[in-house]
Amino acid sequence: MTFKRYMKAGAMLAVAALGLTACGGDTATTPSPEAPADTTTAPAPVDETTPAEETTPADEPAGEAVQIDYLHRLPDGEGMVPVSEIVQRWNDENPNIQVTATKFDGEAQEMITKLETDVNANNAPCLAQLGYAEVPDMFVKGLVEDVTEEARKYEGDFGGAFGQMAVGDTIVGLPQDSGPLVYLYNATEFENLGIEVPTDSASFIEAAKTAAAEGKYIASFTPDEATYWLSGQAAGAGATWYSAENDQWVVNTTGEETQAVAALWQELLDAEAVATHDRWGDAYGAAMVDGTLIGNIAAAWETGFALDGLDGTEYEGQWRVAQMPAINGSEMTGPNGGSGVAVMKGCEHPAEAMEFNAWFNTQVDDLAQQGLVPAATAPASTPEKMSRQFGGQDVMAELVTANERMSTDFGYIPGFPAVGGEMQTAAAAAANGSGKVADIFEAAQAASIAALEDAGLPVAQS
Amino acid sequence: MATKTAHGKLATTPDGLRYRPSHEGLPPRSIAPSKLARTLTLVLLAFIALYFLLPIVWVVFASSKTKGDLLSSFGFWFGNDIAWGANWDSLMAWTQNLFPRWVLNSIFYSTVAATVGTLLSVAAGYAMAKFQFPGRNAMLGIVMTGLLMPVALLTVPMYLLFSQLGITNTIWAILIPCIVSPFGVFLGNVYAASSVPTELLEAARIDGAGEARIFFTMVLRLLAPAMVTIFLFIFVATWNNFLLPLMMISSAELKPVTLGLYGMMSYFDPNRGAVMLGALLGVLPLIALFLFLQRFWQAGLAAGSVKG
């Protein structure tokens, strides 16, 4: 009996061993036939450094090259300068600070999960891309390093977005791109309709009604984008949703400035003067292609791709970028998205990481190619594709202006993504008429206080 | 009686008896399904076939379209331009020319995981079905518990474990979890219990065959249909595996095709035509495999159904 049991175990082990060796043999051979197909030069050397770096980050002898891992989720798409190529330039010039850039293939939220796990496993990359709204959350969870001192050295290179990487007085990284809200519109259609680019709430409503009478919409109320689209407009109108007083969070998402935003959209929705397509649904793009949607308030980074569907149609080259209309008489705009590069907890060489961070995020032309609106103040040249789609307009210059107009008083709270969920639900109701736009901001107020209390943070009772 | 021959003519046997012959290709009239039942079945099956085929047809057409055409043209026909070439170029550019490699990676992961996993599963299942040893039922119970565990729940702990072993971002991080299949062990156990006669094993032992020889020369053959089922099951599970590589793999060279395509989709407004082309090319190996192995699979699913 016992003997048989050994035999069984032996048989199973033999099977396993067979399998494993078969595998091992395969792996050794797999990469080689593939290598010649790799015509882009960059990925191969990058890959070779990864395993070595990951297994021995700690026992890197001093004086030798410092290894920095950088996890990003930039598109690296068609016609863009790949991140690995930009990084290679740095590596060539800085033999002492070798950077390995790795692209994360997934949604922002999934990358947060991975970073959290990585930090807990003591395995995190030194640098990682974080959305501005995620920064407070990551900070409260203790997943990022305090690099205030290092960051201050580079402050002069960056615009208003510099503050987005700070939580209170603590700075955790440098900004990469920013998403000021701007107004995109089809100039030719506007001319045909005899309307001007709206500059304030009143002219926006008037233009919308004129266009709607002709079956055209100069904007779409986008419930699925409500979180940052509406909070950004509120910021543009001069609102500050979250502030700290006496070490307590003060939540005010229903103030007078925000109400001005609610009033604007409520009137437009009541008059059926705007479309209500979800931003990331097919209907939005289809409405642009069939020419019924001829404008919208959009984040600056949308200029990188929003018009792709119009290539080859009669509307190609007719669109332009303008500044967001002044809501509540405020000449500002607000942030919709954008992200920075933070130094993650456990980074062994924060100073060197920040040195690269500052260099990378001032490579504005390359970043513009990636479809970003760089947060650095150096002017970026408008990529060729963008110039063609916007009829030769210097889009980047217009976006830099928008960056300069961006409200600097608008930050987020830990748990803001959850607030966004509530806002989107309420926005969907407002879009189909079963709710009011003002409800969205009421929902944000309640959800914000709940999020802060859930995180165990003190909230000022007002 | 003879006047009501709507469905068939009367015939005469050589010795003069008149009878109503059954329809060609059908069972005898007494048990043949009625025309209504047959029509209904056909309609239902046609619907099911459409239900499963239409998405694939849609992907074929979608992969040929430009961004504008995808939004404005009818889904089940070509758009204004046939942009397969442009979409292929775009797919290759977006994936830094790694797309074919990702498909090969997927084939590699799936084949290795399915092959090793199948052997492990039937070996374990057979051992638990045909040998008496202490803790057998407990083992079976633990395997069944594993069956109920959602993979998503296990991925993060597994990541921490693998990270301590230093094998994250290697092929082992994908292969090892995929090779272990509680469902495969369970199936192997059920099949071995029902289609490996204990008498046969005893006869082999009397004839002097060792356990290893019995397993490899006899049992594996008896379990062949089950192995095809388990093989396909693990193969598909590994191919569709997404969360695990998302957490474990960061090198572009090691990514399976699911993860790579998702990387293209996770940006605002991706070039969908190119992603659709990638999805189509990524699913072709699976379709080929199923067409090739489906008759074995049918046999596998039915095995043991009579003996119970």
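Calculation notes
Residues numbered from 1 in each chain as written. Chains lettered and ligands numbered in written order. Predicted model: local features only at pLDDT ≥ 70, side-chain atom pairs only at ≥ 80, totals over all residues. Heavy atoms only, no water. Buried < 20%, exposed > 50% of the residue type's maximum accessible area, 1.4 Å probe, protein only. Helix = DSSP H or I, 4+ residues; strand = E, 2+ residues; numbered from the N terminus. Pairing = 2+ DSSP bridges. Phe/Tyr/Trp six-rings, centres within 6.5 Å; stacked < 30°, edge-to-face > 60°. Lys NZ or Arg CZ within 6 Å of the ring centre and 35° of its normal. Domains from an automatic or database assignment. Contact = heavy atoms within 4.5 Å. Buried area = accessible area lost by both parts, 1.4 Å probe. Salt bridge = Lys/Arg side-chain N within 4 Å of Asp/Glu carboxyl O. Polar contact = N/O pair within 3.5 Å; in protein donor to acceptor, adjacent residues only side chain to side chain.

(A) Highlighting the pairing of strand β6 (residues 173–186) of chain A. Residues and elements named next belong to chain A. For β6, the buried fraction is high: 14 of the 14 residues fall into the buried class. Where β6 lies against strand β11 (residues 335–343), six bridges are found, and the strand directions are antiparallel. Each residue of the ladder has a partner; that of G173, found in β11, is A342. Across five bridges, β6 lies against strand β9 (residues 295–299) in antiparallel orientation.

(B) Just the packing of aromatic side chains, in detail. Within this structure, the stated rule accounts for 41 aromatic pairs over all chains. Ring centres of Y185 of chain A and F190 of chain A lie 5.0 Å apart, and the angle between their planes is 55°; this geometry places the pair in the tilted category. With a centroid separation of 5.4 Å and 85° between ring planes, the pair formed by Y51 of chain B and F52 of chain B is classed as edge-to-face. On the basis of relative accessible area, Y51 of chain B is assigned to the exposed category, the value being 62%. Take F52 of chain B: its relative accessible area is 54%, and that puts it in the exposed class. An aromatic cluster is present here, built from Y183, Y185, F190, F204, F221, W229 and W265 of chain A joined pairwise through their rings. Against the face of W280 of chain A rests R279 of chain A, its NZ or CZ located 4.4 Å from the ring centre.

(C) The domain arrangement of chain B, seen in detail. Residue and element names in this part refer to chain B. Domain annotation for chain B reports domain 1 (36–82) and domain 2 (96–302). Using only C-alpha atoms to locate each centre, domain 1 and domain 2 end up separated by 31 Å. Each partner contributes residues to the interface: domain 1 has nine residues there, and domain 2 has nine residues. Summed over both sides, the interface of domain 1 with domain 2 buries roughly 710 Å², with 75% coming from carbon and sulfur. Connecting domain 1 to domain 2 are zero salt bridges. For the pair domain 1 and domain 2, the number of links is zero residue pairs in polar contact (both at pLDDT 80 or more). Those elements that provide at least two residues to the side of domain 1 that touches domain 2 are α1 (35–62) and α2 (67–72). Counting residues per element, the side of domain 1 that touches domain 2 draws most heavily on α1, which supplies five residues.

(D) Representation of the domain arrangement of chain A. Residue and element names in this part refer to chain A. Its domain assignment divides chain A into domain 1 (43–178 + 339–380) and domain 2 (179–336 + 386–454). Relative to domain 2, the C-alpha centre of domain 1 lies at a distance of 29 Å. Taken residue by residue, the interface counts 15 residues in domain 1 and 17 residues in domain 2. Carbon and sulfur atoms supply 64% of the area buried between domain 1 and domain 2, which totals about 1,300 Å² over both sides. Among the residues domain 1 hides against domain 2, the three largest losses belong to A133, S178 and V373. Together they make up 38% of the total. Scanning the region where domain 1 abuts domain 2 turns up zero salt bridges. Viewed at the interface, domain 2 and domain 1 are joined by three residue pairs in polar contact (both at pLDDT 80 or more). Secondary-structure elements contributing two or more residues to the side of domain 1 that touches domain 2 are α6 (135–140) and β6. Looking at which element gives the most residues to the side of domain 1 that touches domain 2, the answer is α6, with three residues.

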